[in-house]
Amino acid sequence: MNHLVTLGEFLRAARSRTEPADVGFPTTARRRVAGLRREELAQLAGVSVDYYIRLEQGRSRTASRAVLDSLAAALRLDEAERCHLFDLAGQPERIHRPPAARRQRVSTVVEQLLASLDSAYCPAFVLGRRTDVLAVNGLAAALITDFAALPQDERNQARFVFLDPYARELYADWEQVAADTAAMLRMDAGRHAADPELRALVDDLSQRSSVFRRMWCDQRVVERTAGTKAYRHPVVGDLTVTYQAMALAGEEDQILFVYTTSAGTADQTALRLLAAWASSAILSASDSEPARG
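Residues numbered from 1 in each chain as written. Predicted model: local features only at pLDDT ≥ 70, side-chain atom pairs only at ≥ 80, totals over all residues. Heavy atoms only, no water.

Draft legend 1. Broad picture of the packing of helix α5 (residues 79-88) against helix α10 (residues 174-191). Where α5 meets α10, the closest approach of the two axes is 8 Å, and the angle between their N-to-C directions is 35 degrees. The handedness of the crossing between α5 and α10 comes out as left-handed. Contact residues: A80, C83, H84, D87 and L88 in α5; R186, M187, G190 and R191 in α10. (Axes fitted to C-alpha atoms, helices over the stretch in contact; angles between N-to-C directions. Helix = DSSP H or I, 4+ residues; strand = E, 2+ residues; numbered from the N terminus. Left-handed = near helix turned anticlockwise from the far one by under 90°. Contact = heavy atoms within 4.5 Å.)

Draft legend 2. Highlighting the nonpolar core. With 43 residues, the main nonpolar core has I144, F162, Y171, L185 and Y231 as its most contacted residues. For this core, the element with the highest residue contribution is α10, accounting for six residues. Apart from the residues within four sequence positions on either side, Y231 is in contact with L143, I144, L170, Y171, A172, G237, D238, L239, V241 and Y259. (Core = buried A, V, L, I, M, F, W, Y, C linked by side-chain atoms within 4.5 Å. Buried < 20%, exposed > 50% of the residue type's maximum accessible area, 1.4 Å probe, protein only.)

Draft legend 3. Summary view of the packing of helix α1 (residues 7-17) against helix α3 (residues 49-56). Orientation of α1 relative to α3, taken along the N-to-C sense of each, is 115 degrees, at an axis distance of 7 Å. Every residue of α3 that contacts α1 at L7, G8, L11, R12 and R15 is listed here: Y52, L55 and E56. In terms of residue class, the contact of α1 with α3 is built from four nonpolar, one polar and three charged. (Nonpolar A, V, L, I, M, F, W, Y, C, P; charged D, E, K, R; others polar.)

Draft legend 4. A look at the environment of W216. Mapped onto the fold, W216 is located in helix α12 (residues 210-217). Classification of W216 by relative accessible area gives buried; the value is 2%. On a C-alpha basis, the gap between W216 and R186 in space is 7.3 Å, while along the polypeptide they are 30 residues apart.

Draft legend 5. Region of interest: the confidence of the model for the chain. Predicted confidence across the chain gives a mean pLDDT of 84, with 88% of residues reaching 70 or more. Scored below 50 in pLDDT, residues 285-293 makes zero contacts in the model with residues more than four places away or belonging to other chains. (pLDDT = per-residue confidence, 0-100.)

Here it is in structure tokens:
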């Protein structure tokens, strides 16, 4: 791939997903394109057809915030899609600092927080730029995979989801998890389009996974905040967790994910069993090591 993302591609994809009937246009049998026509979107956004075509074709590289607002409203973009549109147009809703050259790390305070969440039977991990997995607590490693045991360049959520066969077995709804992961990565691409490591990751995933290529071309974006996730774990069986995603204060592009279960449920029991299994596995490994000193 020779680029990560362009404004024109995103507009075309969003236009094709917008049902004419939803925005007041009649549906006719003669429609030859999916979604809205260019002239229809231009009409809804209050811009000339020629200007919109130049914008979509990349022949006009500037768009005012007012125009972007109108396009976002016409396309009925959600908050994540709206932010992505502004990022692609060089008018970010939020200030994004250029990615630092040094590798991201979590602070000692965050490491302590992850450990305390282990004690509360809450799997937790931190994602950085490019869905890099920066840190996991013991229960998250037992539930998902031990990212800390992988080579540094492979500690990445997107690589795990799309390239590790185990991920397809682990996630009960792997297709949805994969689509959300690609959408998270595309959101990051809008903010950090010049990041060479992100470009290399997208190129590698595109070459090695036909599913990723398809999902990347969907042009969908998502910013995870809360939800549920279902697992088919080989040790404790089926369980569903509720997750919260929180930006870490003072840390650029670091998101803490915390998984919880409701008290007294089979899901909570499964997590407690998983914690006990993980502890026994650690003790067994320790006992098998030769004595030191």
